[in-house]
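# Residue-level structure breakdown
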Amino acid sequence: QVQLVESGGGLVQAGGSLRLSCAASGRTFSMYTMGWFRRAPGKEREFVAAISSSGGATYYKQSVKGRFTISRDNGKNTVYLQMNSLKPEDTAAYYCAGDRSGRVPTNPYEYDNWGQGTQVTVSS
């Protein structure tokens, strides 16, 4: 088990950028696939991006490709989500999650470690 704490959310104008961070406790972070998910008001939680334990493989929701970048620093036990060219439809609570299965799932139900979330609001 790892404990996850997100930070970096806030209010930004459309077209702006934010970088989310997710800090993990424990010494096994490098064994976890990490994912970012989001939930907008009245909507289901949805996949945003995921990165393999080594960082060698990344996956993105189609609508964020080319705008968002997921990365990790295993030496710092941290995963990042760089978000550029933000749009009002990106407004949501963003959550990081960890999975030790060895796969890189996009289904949130396959992740068993979750942070508390950080709010991102994009104004038009």
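Cut-offs applied
Residues numbered from 1 in each chain as written. Predicted model: local features only at pLDDT ≥ 70, side-chain atom pairs only at ≥ 80, totals over all residues. Heavy atoms only, no water. Core = buried A, V, L, I, M, F, W, Y, C linked by side-chain atoms within 4.5 Å. Buried < 20%, exposed > 50% of the residue type's maximum accessible area, 1.4 Å probe, protein only. Helix = DSSP H or I, 4+ residues; strand = E, 2+ residues; numbered from the N terminus. Phe/Tyr/Trp six-rings, centres within 6.5 Å; stacked < 30°, edge-to-face > 60°. Contact = heavy atoms within 4.5 Å. Disulfide = S-S within 2.5 Å.

Here we take up the nonpolar core. In this structure, Trp36, Leu81, Met83 and Tyr94 are the most contacted members of the largest nonpolar core, which totals 27 residues. Secondary-structure elements contributing two or more residues to this core are strand 3 (18-24), strand 4 (33-39), strand 5 (46-51), strand 7 (68-73), strand 8 (78-83), strand 9 (92-99) and strand 11 (118-123). Tallying contributions element by element places strand 3 first for this core, with four residues.

Counted by the stated rule, this structure contains four aromatic pairs. Centre to centre, the rings of phenylalanine 37 and phenylalanine 47 are 5.8 Å apart; their planes meet at 70 degrees, and the pair counts as edge-to-face. Within this pair, whereas phenylalanine 37 is found in strand 4, its partner phenylalanine 47 is found in strand 5, the two being separated by ten residues in sequence. Neither residue differs from the other here; phenylalanine 37 and phenylalanine 47 are each classed as buried. Between the aromatic rings of tyrosine 111 and tryptophan 114, the centroid separation amounts to 6.4 Å while the plane-to-plane angle is 65 degrees, which identifies the pairing as edge-to-face.

Looking at where proline 108 falls in the secondary structure, it is placed in the loop between strand 9 and strand 10 (113-114). In the structure, proline 108 is positioned 72 residues away from tryptophan 36 in sequence and 9.2 Å away in space, judged by C-alpha atoms. The residues touching proline 108, leaving out its near neighbours within four places in the chain, are Phe37, Arg45 and Trp114.

Summed over all chains, the structure comprises one disulfide. With its sulfur 1.9 Å from that of its partner, cysteine 22 forms a disulfide with cysteine 96. Across the S-S bond linking cysteine 22 and cysteine 96, the dihedral sits near 50 degrees, which makes this disulfide right-handed. Separated by 74 residues along the polypeptide, cysteine 22 in strand 3 and cysteine 96 in strand 9 bring together distant segments of the chain. Grouping residues by exposure puts cysteine 22 and cysteine 96 together as buried.

By themselves, these are just geometric observations and shouldn't be taken as functional.
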